Amino acid sequence: MSYLQSESPSDSLYRKAGPCLQTSLGKTQKKACHLLLEELQMDLQPFYMQIPSRPWILGSEIIHVISDKVENFSHYLCKVRDPVCQVLRAQTERMLIIEYVKALIHGKLVCKNSRERQLLAERMCADAEVLSATLSRMGLEQSTLCIPLILSLQELFALKDPSLLSLEVSGLMTMFPDISDDHVLALLELRGDVSRDVRHGVISTMQNHALSLPLDYQPIFTSIPVPAPPPSFCLHPSSCA
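Per an unreviewed UniProt entry, the protein chain carries the name Exocyst complex component 3 and comes from Pelobates cultripes. According to its UniProt record, the protein chain has this under Sequence similarities (unreviewed entry): "Belongs to the SEC6 family."

Quick look at the structure:
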């Protein structure tokens, strides 16, 4: 392929090619990268489906399996030249955190007590540590997205007093201003101890402190779908009018 690191006669031809040919080759490279990431994403889906769960909270090796598969994938990146290599690394990190957060908010787990909430927070910190080491070995020594986001979200579960959640969410909004009400409500559902009044207070805080996206900010939550609301239960269609 034309973006392998080793120099070849095709590299010289690429540099001498006209703008139209370079554009076409660039599109082909991007498509190939997209297909590689899509294949990795599909390979990881069965493992993300186990997050969150009580086996995961209690010490499952799920994140190690995910990390091993990502590292195996990174071997392909060693053969790719810059800047395509850097793009692939960044997109791999982005895919990892999107799937991780999506798994959290779409899961069926609801913490039963403060002990489970604490275990959940500790598991997320441990996952962040494993992923940080993996990303570092891939060449992303300073994770600016995956690890900061996981560590920020775990604070929502480590917090013992739910009445302080509005303050915690305000800090989360400062770091990730594209997070929506629905994302936050789905995360609070996972806590299992948030009353209707506290939820209302959190949403009011979000609405009163809505932030515009900085010019250099790369949205992340806009790429994370939220769970669909449960269908209304009606004894008769007229009762739902």
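The structure having been displayed, the exposition proceeds.
**Observations concerning the pattern of salt bridges**
Following the criterion strictly, the structure yields 8 salt bridges and no others. The salt bridge involving Asp 43 is made with Lys 69; its shortest N-O contact spans 3.5 Å. Of this pair, Asp 43 sits in helix α2 (residues 19–48) while Lys 69 sits in helix α4 (residues 62–77), placing them 26 residues apart in sequence. The partly exposed category is assigned to Asp 43, whose relative accessible area is 38%. Shared partners join several salt bridges into a network, and the residues in it are Arg 117, Arg 191 and Asp 193.

**Quick notes on the nonpolar core**
In this structure, Tyr 100 and Ile 220 are the most contacted members of the largest nonpolar core, which totals 67 residues. Here this core takes 12 residues from helix α5 (residues 84–106), the largest share from any one element. Residue contacts for Ile 220: discarding those within four places in its chain leaves Arg 94, Ile 97, Ile 98, Leu 145, Leu 149, Phe 176 and Asp 178.

**Quick look at the side chain of Gln 154**
Along the polypeptide, Gln 154 turns up in helix α7 (residues 146–158). If we ignore the near neighbours within four places in the chain, the residues touching Gln 154 are Ala 121, Met 124 and Cys 125.

**Overview of the packing of aromatic side chains**
Considering all chains together, one arrives at 1 aromatic pair under this definition. Relative to Phe 221, the ring of Phe 176 has its centre 6.2 Å away and its plane inclined at 70°; by these criteria the two rings are edge-to-face. Placement of the pair is Phe 176 in the loop between α8 (165–175) and α9 (181–191) and Phe 221 in the segment after α10 (196–208), with a sequence separation of 45 residues. Both residues of the pair, Phe 176 and Phe 221, count as buried.

**What to know about α4**
The end-to-end C-alpha distance of α4, which contains 16 residues, comes to 23 Å, matching closely the 22 Å that a straight helix rising 1.5 Å per residue would cover. All buried positions along α4 are accounted for by Ile 62, Ile 63, Ile 66, Ser 67, Val 70, Glu 71, Phe 73, Ser 74 and Leu 77. Along α4, the residues classed as buried sweep out an arc of 165° about the axis, all on the same side.

Reading the values: the criteria
- Residues numbered from 1 in each chain as written.
- Predicted model: local features only at pLDDT ≥ 70, side-chain atom pairs only at ≥ 80, totals over all residues.
- Heavy atoms only, no water.
- UniProt positions renumbered as here; feature names shortened; annotations may be inferred.
- Salt bridge = Lys/Arg side-chain N within 4 Å of Asp/Glu carboxyl O.
- Helix = DSSP H or I, 4+ residues; strand = E, 2+ residues; numbered from the N terminus.
- Buried < 20%, exposed > 50% of the residue type's maximum accessible area, 1.4 Å probe, protein only.
- Core = buried A, V, L, I, M, F, W, Y, C linked by side-chain atoms within 4.5 Å.
- Contact = heavy atoms within 4.5 Å.
- Phe/Tyr/Trp six-rings, centres within 6.5 Å; stacked < 30°, edge-to-face > 60°.
- Expected span 1.5 Å × (residues − 1).
- Arc of directions from axis to C-beta.

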